[in-house]
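# Results of the structural survey
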There are 2 protein chains.
Amino acid sequence: MTVAIIGIGLIGGSMALALKAKGFASKIIGVEDNEEHGKTALHLHLVDEIARLDDAIKGADIIIVAVPVSAAEKMIAGILDKVKRRVVIDVGSTKSAICIEAAKSKNRGRFVATHPMWGTEFSGPQAAVTDAFIDKAVVICNREESDSDAVLLAENLYRLLGMHLLYMEATAHDLHAAYVSHIAHITSFALANTVLEKEREEYAIFEMASAGFESTVRLAKSNPAMWVPIFMQNKENVLDVLNEHISQLRKFKACLEKENYEYLEELMVNANKIKRIIK
Amino acid sequence: MTVAIIGIGLIGGSMALALKAKGFASKIIGVEDNEEHGKTALHLHLVDEIARLDDAIKGADIIIVAVPVSAAEKMIAGILDKVKRRVVIDVGSTKSAICIEAAKSKNRGRFVATHPMWGTEFSGPQAAVTDAFIDKAVVICNREESDSDAVLLAENLYRLLGMHLLYMEATAHDLHAAYVSHIAHITSFALANTVLEKEREEYAIFEMASAGFESTVRLAKSNPAMWVPIFMQNKENVLDVLNEHISQLRKFKACLEKENYEYLEELMVNANKIKRIIK
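Residues numbered from 1 in each chain as written. Chains lettered and ligands numbered in written order. Predicted model: local features only at pLDDT ≥ 70, side-chain atom pairs only at ≥ 80, totals over all residues.

### With respect to the overall build of chain A
- Per the secondary structure count, chain A includes 11 helices and 8 strands.
- Taking 279 residues into account, the globule formula puts the C-alpha radius of gyration at 19 Å, and chain A, at 21 Å, falls close to it.
- For chain A, with 279 residues in total, the buried portion stands at 54%.
- By sequence separation, contacts in chain A at least 24 residues apart represent 74% of the contacts at least 6 residues apart. (Helix = DSSP H or I, 4+ residues; strand = E, 2+ residues; numbered from the N terminus. Rg over C-alpha atoms; globule rule 2.2 N^0.38 Å. Buried ≥ 20, exposed ≤ 12 C-beta atoms within 10 Å, placed from the backbone. Contact = placed C-beta atoms within 7 Å.)

### With respect to the interface of chain A and chain B
- Contacts between chain A and chain B engage 79 residues on the former and 79 residues on the latter.
- Among the elements that line the side of chain A that touches chain B, the one with the most residues is helix α7 (residues 170-199) of chain A, at 21 residues.
- When the residues that make up the side of chain A that touches chain B are grouped by side-chain class, the tally is 48 nonpolar, 16 polar and 15 charged. (Nonpolar A, V, L, I, M, F, W, Y, C, P; charged D, E, K, R; others polar.)

### Considerations on the nonpolar core
- Ranked by internal contacts, the top residues of the largest apolar core, which has 199 residues, are A:Ile64, A:Val65 and B:Ile64.
- A:Ile64 has contacts with A:Val3, A:Ala4, A:Ile5, A:Ile6, A:Gly12, A:Met15, A:Ile89 and A:Val91, leaving out every residue within four places of it along the chain. (Core = buried A, V, L, I, M, F, W, Y, C linked by C-beta atoms within 7 Å.)

### Let's talk about unusual backbone geometry
- Look at A:Asp135: it is not a glycine, yet its phi comes out positive at around 65°.
- Topologically, A:Asp135 is positioned in the loop between β6 (111-116) and β7 (137-141).
- Within the chain, B:Asp131 stands out as a residue other than glycine whose phi angle is a positive 65°.
- Examined against the element boundaries, B:Asp131 turns out to sit in the loop between β6 (111-116) and β7 (137-141).
- Judged by the 12 C-beta atoms lying within 10 Å of it, B:Asp131 is exposed.

### Some words on the environment of A:Glu144
- With respect to the helices and strands, the residue A:Glu144 is situated in the loop between β7 and α6 (148-160).
- Among the residues examined, A:Glu144 registers 8 C-beta atoms within 10 Å and is labelled exposed.

### Notes on the domain arrangement of chain A
Residue and element names in this part refer to chain A.
- Split by domain assignment, chain A resolves into domain 1 (2-169) and domain 2 (173-276).
- For domain 1 versus domain 2, the separation of C-alpha centres amounts to 30 Å.
- Each side of the interface is counted separately: domain 1 has 15 residues, and domain 2 has 16 residues.
- Among the secondary structure elements, those contributing two or more residues to the side of domain 1 that touches domain 2 are α4 (69-81), α5 (96-102) and β7. (Domains from an automatic or database assignment.)

### A word on the environment of A:His245
- In this structure, A:His245 sits in helix α10 (residues 235-257).
- Taking the number of C-beta atoms within 10 Å as the measure of exposure, A:His245 has 26 and is therefore buried.
- For the pair formed by A:His245 and A:Met117, sequence separation is 128 residues and the distance between their alpha carbons is 22 Å.
- Once you skip the residues sitting within four places of it in the chain, A:His245 turns out to touch A:Ile183, A:Thr187, B:Ala190, B:Leu191 and B:Thr194.

### A short note on the relation of the copies chain A and chain B
- It takes a turn of 180° to lay chain A on chain B, together with a shift of 0.0 Å along the axis; the resulting RMSD is 0.0 Å. Within this description, the copies of the chain are treated as partners about a two-fold rotation axis. Ranked by how close their C-alpha atoms come to the rotation axis, the residues of chain A are headed by A:Thr216, at 2.2 Å.
- A shared interface surface links the copies, since 100% of the contact residues of chain A are contact residues in chain B too. (Least-squares fit on C-alpha atoms with pLDDT ≥ 70 in both.)

### Observations concerning the sheet that holds strand β3 (residues 49-50) of chain A
Residues and elements named next belong to chain A.
- If you walk across this open sheet you meet the 8 strands as β3-β2-β1-β4-β5-β6-β7-β8, and the pairing is mixed. With partners counted over all chains shown, the strands left at the sheet margins are β3 and β8 (164-168), one partner each.
- Bridge count between β7 and β8: 5 bridges; the pairing is parallel. Its bridge partner lying in β8, Val138 is registered against Leu165.
- Most of the contacts of α6 go to β6, to which it runs at about 25°, and overall it touches β4 (62-65), β5 (87-90), β6, β7 and β8. (Pairing = 2+ DSSP bridges. Axes fitted to C-alpha atoms, helices over the stretch in contact; angles between N-to-C directions.)

Here's what the structure looks like:
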């Protein structure tokens, strides 16, 4: 099967590697605006060729959209208008906006909205990882708006990558994604800025940074070009959870200010419950 | 050399393993209030025997205090009063309070205040790790208040464990620790509570939690019995940095509310600078 991947970055590149390795794709056509990324993708054998968008759509059996969610939102209806039997899958971190745009095409049924729940703080084709998706979850949204053969193809593709399937409405997905992914990025970006603000005064502190700090601040290395559009599209949910997070931080602040260490301990004992969920 | 370790938890236990492995300690005497922990430490061969505090002090050449910082603060002067030539080292995450207490003993010179910058979210003797300290930093505080032979012994001990040495005033240490360690724990605890607050409505979100979320929330599993005393002792610094962190989060909030995505991107590009410091 020939697979076109639009956007050969971290996710598109990792998907290219996995689909080739699993024998799903006999040929991968990459579409990449960034000329350097295109060259790197060829050089790293992530793709067999780089083509223009229209040529890639024509030459492929399945089209995977792996560009930032703002770009995906803009291009999805145009891509769908050009396919008849072929299947179009997106892999973006927000799902409502793209589903609304996809619905504007007469070929909405050929589109499957998905979100493979994997990523790292790195970006670009050189960040692509084989076996990235194994044992991770993938969310398929608004399944009933897609043709059943298209859903089946997407399901088979993700099962082949070793993922387990979740089904959700796009609006529910975006709410949950705000909690389990987007807020973690904001806290991490803000934590980095908190510490960098201090660096002006004291450089030595960074010699002390330990593994705990590193893991908490890791996501602050993430690519703004990918994350600004996610926060834009998921603004309302992210604001909700951000408000909750600030209010949780204020509880810690109040405990310290009032020296209410019993309640501080309660807050931490409650937080420990996350052990039930995250190993 | 016989080493007494007071508190055989994550840090004391890991130190016991390393000092035995490196041949620094021929015998390790553990002191442990928690009877279960004492049994586990013996069972795991972290210590050769469990003794009462006074007997351990008498029988050891070097005494390592690895209890929660509130307990360490209370016991340090009493321990120092009982030693003459022997060296007492503490390994707590705050340094000002213990240095103030140690100064109340006539034997202050025998005490070396240190903070090996390593830890995990786990606790207790079963969490002890061999090779925990390799390539990590250890901060030695108020060196000039310690006898030079005592400092030399501590330096040799930590070099043997593969650590690199930093020297700092206790007050400076506590400020820096608030930035590179303590705040990361508070954000992680608060993030866990933010998400757990939501869990009441939606359990399914946890199926979606990905590696990014897990790394950001990891520290929320940390032991309150260890961390409440740290926050108590370092209250002022932690409040300073917590206020800064809340104000950084408010900037993200304002960007979203005002749809000021240029500034949002600026904030994230600035946060990316953490790459310079954390690999």
